[in-house]
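Spelled out, the chains give:
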Amino acid sequence: MAKGNVLKEKKVKSDGKSKTTKKGGSKLSNLYSKVDKRKAKSISGVLFLLFSIYLFIAFTSYLFTWKADQDLIINTSFFNFMFNEEGVSVSNWLGKFGAWISHFFIYKWFGIASFAFSLLFFIIGTRLLLNIRLYPLRKSLLLGIVAIVWFSVFFGLFSGKVNYLGGTFGFNTNEWLTITFGSFGAFLLVLVLLFVSVVIFFNPDFKSIINNLLSRTPEESDEKENSNSMSVADIKIVNTIDDEEINEEEDPLEVNFSEEKDKEDDSEESDEDNESTLEIHDTKNSENNDEEDDENEFSVEVAPEEKELSESDLKKKLEEFGAYDPKLDLASYTLPPIDLLQKFESTKGGVNKEELEGNKNKIVETLSHYKIEISKIKATIGPTVTLYEIVPAPGVRISKIKNLEDDIALSLAALGIRIIAPIPGKGTIGIEVPNSNPEIVSMRSLIASEKFQNSDAELPIVLGKTITNETFIFDLTKMPHLLVAGATGQGKSVGLNAILVSLLYKKHPAQIKFVLIDPKKVELTLYNKIERHFLAKLPGEEEPIITDTSKVVNTLNSLCIEMDERYDLLKMAHVRNIKEYNTKFIARKLNPEKGHRYMPYIVVLIDEFSDLIMTAGKEVEHPIARLAQLARAIGIHLIVATQRPSVNVITGMIKANFPARIAFRVLSKIDSRTILDASGADQLIGKGDMLISTGNDMIRLQCGFVDTPEVEEICDFIGNQRAYPDALLLPEYTNENDGGENASDDLDELDENFVEAARIIVIHQQGSASLLQRKLKLGYNRAGRIVDQLEAHNIIGPFKGSKAREVVIPDEAALDEYLSSKGLI
């Protein structure tokens with residue numbers, strides 16, 4: 001119980017905003033939720049309107065009463081003028097405060113241009129109170145401020161002292177302009193500023209304006225007026241409907257043009273019978289016009305148009321309902337507290353000055369044996385490795401130092417050194433030497449770092465610390481996929497846990513989902529507890545962690561379907577990536593009735609890729625390659641890990657689509673080149689020592705250590721909170737290669753290995769496709785078809801999720817009897 005109380009006092013951060021579960025914080029949030037935003041807008045609007053009217057009256061009064069009130073205001077402070085000067089009467093129509101505020105705006109500031117403040121407050125007030133958009137608010141404010149400044153300066157040109165024309169600002173500005181540019185130059189500059197402002201705000205077409213003025217002579221203008229009057233007299237509009245009213249009609253409209261015969265009549269009223277009439281009416285009432293003359297009738301049907309909301313209407317709805325909050329379903333969700341992670345004591349004291357000095361001397365001595373002189377050497381202490389940077393003397397070839405890697409390792413008696421010749425971006429050569437007493441980099445220190453907590457990345461991942469003890473963070477969306485390799489026991493699984501923990505400490509369940517694939521069946525089972533918070537799976541599956549090869553293939557193909565569906569939504573929304581799409585959806589600019597939805601990021605983690613390649617081959621490689629090529633824009637990112645980085649596992653197609661790669665210690669230079677396209681991974685010291693390549697350069701890191709009990713506590717903390725009804729369900733996928741019962745019932749279509757496969761299944765009493773793959777050396781598709789045929793012949797039972805199929809026939813003798821009855825033996 002005590003631990004639970006401590007957790008409630010913890011502050012955690014989500015998306016750059018701090019969250020707190022303290023009682024005081026909850027009271028503040030409850031108070032904020034009770035505030036009626038509509039009432040607040042109405043009150044604010046009334047205040048702005050009243051203040052604008054008050055200013056207008058006060059300013060108007062100032063123009064007539066400033067001489068009587070100015071001496072009283074100038075010689076007295078505001079406080080004394082308002083409260084201590086008893087018996088003092090002012091002439092302003094709005095009393096002391098009206099006299100003071102008008103003096104302040106007009107005399108002290110901008111002169112009569114201050115009347116624009118009253119107009120600006122009036123525009124703001126009508127927008128808040130009545131939701132009437134007199135003019136765009138932001139443009140009004142900017143235009144008003146520019147106009148106030150310009151008119152103050154302009155009127156200041158004509159005043160020799162501070163007065164109500166330009167105010168103090170206009171007078172001082174013109175005094176400086178006159179001294180700098182002269183009187184005429186200042187006048188020209190003010191006109192130029194007016195011209196620039198007009199162009200910026202209104203952008204008039206001066207060429208067309210001048211051409212119209214020059215081309216329109218008095219005679220031509222008279223002719224145009226006469227022609228216009230004649231055209232108006234020829235046609236009389238009986239009934240007109242605005243475009244907006246036409247858009248609002250639900251039924252098609254019919255437009256009839258009819259002409260009547262000329263009649264001779266001298267009166268003005270009879271002239272109307274000779275005019276063409278334009279009538280627009282509803283087709284429902286067209287029966288009333290059957291008696292009209294149809295001789296010259298011409299009808300046009302106008303199709304109804306779907307009404308679209310204007311930008312102001314969209315903003316109004318957004319203000320009324322608020323932005324869409326994807327976290328609202330789990331609004332009470334709390335990020336895991338930092339106390340769930342262990343804190344390790346620092347052991348930097350293990351790298352002492354004597355060790356550094358001794359290593360430096362041995363490096364210099366070894367190089368001197370081969371007549372290689374150095375002019376400078378510097379040591380940088382990291383958590384597990386110390387970097388010695390040397391500057392060779394002029395004329396020394398770098399290749400000579402590179403070739404002495406083993407000799408330097410022998411002289412230092414080190415586990416393994418790595419020479420970087422040269423260090424990218426520096427004019428030095430680096431020699432990385434393992435520390436005799438390496439330091440443990442705790443995941444707690446990485447999560448608690450300011451760099452991680454303040455990161456604005458979409459999917460921030462903190463992996464470890466560099467040689468310079470700097471926390472290393474990257475954004476998975478920028479990678480956009482990650483290939484991880486390393487020999488057994490070198491820290492690969494810890495690194496995958498560090499990636500998952502980073503995301504769990506930063507993201508809400510609504511923002512990210514995981515698809516976890518674990519052929520080894522034991523590495524990722526801890527994350528079962530967060531199934532209904534963070535995991536995604538196929539419909540109908542019982543286990544959220546995917547371990548069966550057939551389900552892996554179906555899941556990857558299902559993700560391809562999800563990818564295609566998301567691209568269709570991006571196309572409909574006219575955006576290019578998931579970030580723009582979700583921003584538009586949150587702003588309520590996309591209609592859910594048309595299929596639009598908030599799209600969380602999906603991170604697909606495959607723990608042992610080599611096993612999938614061995615069992616499924618191309619069936620796994622092709623959907624992974626397709627996802628790696630296309631899925632970045634729609635928020636699906638892959639993390640593929642393997643302990644065997646051979647060329648038949650990490651093929652050229654895989655490497656081409658995974659530019660970001662992480663290598664823990666491997667056993668040979670060939671494996672290092674396979675994963676990194678460079679050597680170096682074979683010289684790492686293990687226990688989380690790693691190299692990460694992002695395509696441009698390689699960085700050596702010590703991976704953050706997160707133990708299994710820590711992951712278990714984090715998952716327990718998340719799993720005990722309120723969750724969604726189920727995990728995120730991926731689109732259904734049906735394997736077209738799976739054989740059906742009708743196909744398998746036909747004995748002529750049975751696989752040639754059917755009988756042998758049946759014996760293997762019965763002998764081992766295990767009904768699985770993987771057993772047939774190993775024993776018969778078959779591909780996954782063929783083994784799956786044989787399993788379906790065995791089920792159709794009732795040799796094995798139906799599919800039961802993650803559990804093995806039941807073998808119906810008990811022994812080999814019963815199998816022989818069944819096969820002979822079917823004529824198969």
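These lines cover the structure that appears in this document, whether it is placed above or below. Because the structure is a prediction, the values reported are computed rather than measured.

### Observations concerning the overall build of the protein chain
When its secondary structure is counted, the protein chain shows 31 helices and 21 strands. Buried residues in the protein chain amount to 42% of all 825 residues. Looking at the protein chain as shown, the accessible area adds up to about 45,600 Å², and 54% of this sits on carbon and sulfur atoms.

### Topic: a nonpolar patch on the surface
A cluster of nonpolar residues, Ile53, Phe56, Ile57, Leu63, Phe64, Trp93 and Tyr164, forms a patch on the protein surface that exposes about 710 Å² of accessible area. Residue placement: Phe64 occurs in helix H3 (residues 37-74). For Phe64, a relative accessible area of 64% puts it in the exposed group.

### Brief notes about empty space enclosed by the protein
Any space left empty among the atoms is revealed by the rolling of a water-sized probe across them. Evaluation of the coordinates by the stated rule reveals six cavities of 30 Å³ or more. In this model, the largest cavity occupies a volume close to 80 Å³. Around the largest cavity sit 11 residues that line it, and Glu541, Glu543, Ile545, Ile546 and Lys551 are the ones nearest its centre. When grouped by side-chain class, the residues that make up the lining of the largest cavity number three nonpolar, three polar and five charged.

### Here's the deal with the packing of helix H20 (residues 549-573) against helix H21 (residues 578-586)
Where H20 meets H21, the closest approach of the two axes is 10 Å, and the angle between their N-to-C directions is 60 degrees. In terms of axis orientation, H20 runs oblique to H21. As H20 runs across H21, the sense of the crossing is left-handed. Contacts between H20 and H21 involve Arg566, Leu569, Leu570 and Ala573 from the first element and Ile578, Tyr581 and Lys584 from the second. Among the residues forming the contact of H20 with H21, the class breakdown is five nonpolar, no polar and two charged.

### Side note on the sheet that holds strand S12 (residues 471-475)
Strand pairing in a sheet relies on backbone hydrogen bonds. The paired strands run either parallel or antiparallel. An order of S12-S11-S20-S19-S18-S13-S17-S16-S14 is seen for the nine strands of this open sheet, with the pairing classed as mixed. Both outer strands of the open sheet, S12 and strand S14 (512-517), are each paired with one neighbouring strand and no more. Taking the axes of each pair of neighbouring strands and ignoring which way they run, one obtains an average angle of 30 degrees across the sheet. Pairing between strand S18 (residues 660-663) and strand S19 (residues 689-693): three bridges, direction antiparallel. Opposite Arg661, over in S19, you have Ser693 as the bridge partner. Contacting strand S13 (482-485), S18, S19 and strand S20 (698-703), helix H25 (residues 669-676) runs over the sheet at an angle of about 155 degrees to S18.

### Notes on the packing of helix H13 (residues 353-369) against helix H15 (residues 405-412)
The N-to-C vectors of H13 and H15 enclose an angle of 135 degrees; their axes lie 9 Å apart at closest approach. With respect to H15, the axis of H13 lies oblique. For H13 against H15, the interelement crossing comes out right-handed. Contact with H13, carried on its side by Asn359, Lys362, Ile363, Thr366 and Leu367, involves Asp407, Ile408, Ser411 and Leu412 of H15 and no other residues of that element.

### Considering the sheet that holds strand S8 (residues 385-392)
Taken in spatial order, the four strands of this open sheet run S7-S8-S10-S9, and their pairing is antiparallel. This sheet does not close on itself; its edge strands, each paired only once, are strand S7 (374-381) and strand S9 (418-420). Strand after strand, the sheet turns through a mean of 20 degrees between neighbouring axes, direction not considered. Relative to S8, S7 runs antiparallel, the two being bridged by seven bridges.

### Regarding helix H23 (residues 618-630)
For H23, spanning 13 residues, the distance from its first C-alpha to its last is 18 Å, which sits close to the expected 18 Å at 1.5 Å a residue. Those residues of H23 not exposed but buried are Glu619, Val620, Glu621, Pro623, Ile624, Ala625, Leu627 and Ala628. Buried residues along H23 sit against H20, strand S16 (601-606), helix H22 (609-616), strand S17 (636-642), helix H24 (652-656) and helix H30 (780-792).

### Points about the nonpolar core
In this structure, Phe514 and Tyr527 are the most contacted members of the largest nonpolar core, which totals 111 residues. The biggest single contributor to this core is H20, with nine residues. If near-sequence neighbours (up to four positions away) are discounted, Phe514 is found in contact with Leu500, Leu503, Leu504, Phe534, Leu535, Ala536 and Val603. If you look at the next biggest cluster of nonpolar residues, it comprises 22 residues, including Leu776, Ala783, Leu790 and Leu819.

### A look at the pattern of salt bridges
All told, the structure shown has 27 salt bridges when counted by the stated rule. Between Asp682 and Lys669 there is a salt bridge whose closest N-O contact spans 3.4 Å. A residue pair is termed long-range when its members are at least 10 positions apart, and Asp682 in the loop between H25 and S19 and Lys669 in helix H25 qualify at 13 residues. Connected via shared salt-bridge partners are Arg418, Glu432, Asp689 and Arg700.

### Side note on the packing of aromatic side chains
How two aromatic rings sit relative to each other is set out by the distance from centre to centre and by the angle between their planes. Going through the model one piece at a time under the given rule, you end up with 27 aromatic pairs. With centroids separated by 5.6 Å and ring planes inclined at 50 degrees, the aromatic side chains of Phe59 and Phe105 adopt a geometry described as tilted. A residue pair is termed long-range when its members are at least 10 positions apart, and Phe59 in helix H3 and Phe105 in helix H5 (residues 95-110) qualify at 46 residues. When its relative accessible area of 9% is taken as the criterion, Phe105 is described as buried. Measuring from centroid to centroid gives 5.1 Å for Phe105 and Phe117, while their planes differ by 70 degrees, and the two rings are edge-to-face. Taken together, the residues Phe105 in helix H5 and Phe117 in helix H6 (residues 115-129) connect sequence positions 12 residues apart. Each member of the pair, Phe105 as well as Phe117, carries the same accessibility label: buried. Counting every residue linked through ring pairs, the aromatic cluster contains Tyr54, Phe56, Phe59, Phe97, Trp100, Phe104, Phe105, Trp109, Phe110, Phe115, Phe117 and Phe169.

### Notes on H22
Most of H22 is tucked away: six of the eight residues are buried. Following H22 by one or two positions, Gly617 adopts a phi angle in the positive range, close to 60 degrees.

### Here we look at the pairing of S20
Working note: regular strand, side chains alternate between the two faces of the sheet. Sheet topology places strand S11 (residues 460-466) next to S20; three bridges connect them, and they run antiparallel. Paired with Thr466 across the bridge in S20 is Leu701. Here S19 runs beside S20; their pairing, made up of five bridges, is antiparallel. Bridge pairing links Met690 to Leu701 in S20. In this structure, the hairpin formed by S19 and S20 is closed by a connection of four residues, where Gly695 is found at a positive phi of approximately 105 degrees.

### Section: unusual backbone geometry
Residue Pro480 is bonded to the preceding Met479 through a cis peptide linkage, with omega at -5 degrees. Despite not being glycine, His574 has its phi angle at roughly 60 degrees, a positive value. Mapping His574 onto the fold places it in the loop between H20 and H21. With phi around 55 degrees, Lys687 is a residue other than glycine that occupies positive phi space. With a relative accessible area of 74%, Lys687 lands in the exposed category.

### Regarding the environment of Val604
One can find Val604 in strand S16. Sequence separation between Val604 and Ile639 is 35 residues, and the spatial gap between their C-alpha atoms is 6.0 Å. Apart from the residues within four sequence positions on either side, Val604 is in contact with Val515, Ile517, Leu559, Ile636, His637, Leu638 and Ile639.

### Details of the side chain of Thr642
Secondary-structure assignment places Thr642 in strand S17. Classification of Thr642 as buried rests on a relative accessible area of 1%. Polar side-chain contacts of Thr642 include one of 3.3 Å to the side chain of Glu608. When residues no more than four places from it in sequence are discounted, the contact partners of Thr642 are Val484, Ala485, Gly486, Lys492, Asp607, Glu608, Phe609, Ser610, Val649 and Ile650.

Rules behind the numbers
- Residues numbered from 1 in each chain as written.
- Predicted model: local features only at pLDDT ≥ 70, side-chain atom pairs only at ≥ 80, totals over all residues.
- Heavy atoms only, no water.
- Helix = DSSP H or I, 4+ residues; strand = E, 2+ residues; numbered from the N terminus.
- Buried < 20%, exposed > 50% of the residue type's maximum accessible area, 1.4 Å probe, protein only.
- Areas by Shrake-Rupley, 256 points an atom, 1.4 Å probe, with all protein chains shown as cover.
- Patch = residues over 30% accessible without salt bridge, like charges linked within 9 Å, V, L, I, M, F, W, Y side chains within 5 Å.
- Salt bridge = Lys/Arg side-chain N within 4 Å of Asp/Glu carboxyl O.
- 1 Å grid on protein atoms, 1.4 Å probe; cavity = no way out; pocket = protein on both sides within 12 Å on 5 of 7 lines; lining within 4 Å.
- Points joined across faces, edges and corners; volume = space filled by probe spheres on them.
- Nonpolar A, V, L, I, M, F, W, Y, C, P; charged D, E, K, R; others polar.
- Axes fitted to C-alpha atoms, helices over the stretch in contact; angles between N-to-C directions.
- Parallel < 35°, antiparallel > 145°, perpendicular 65-115°, else oblique.
- Left-handed = near helix turned anticlockwise from the far one by under 90°.
- Contact = heavy atoms within 4.5 Å.
- Pairing = 2+ DSSP bridges.
- Expected span 1.5 Å × (residues − 1).
- Core = buried A, V, L, I, M, F, W, Y, C linked by side-chain atoms within 4.5 Å.
- Phe/Tyr/Trp six-rings, centres within 6.5 Å; stacked < 30°, edge-to-face > 60°.
- Polar contact = N/O pair within 3.5 Å; in protein donor to acceptor, adjacent residues only side chain to side chain.

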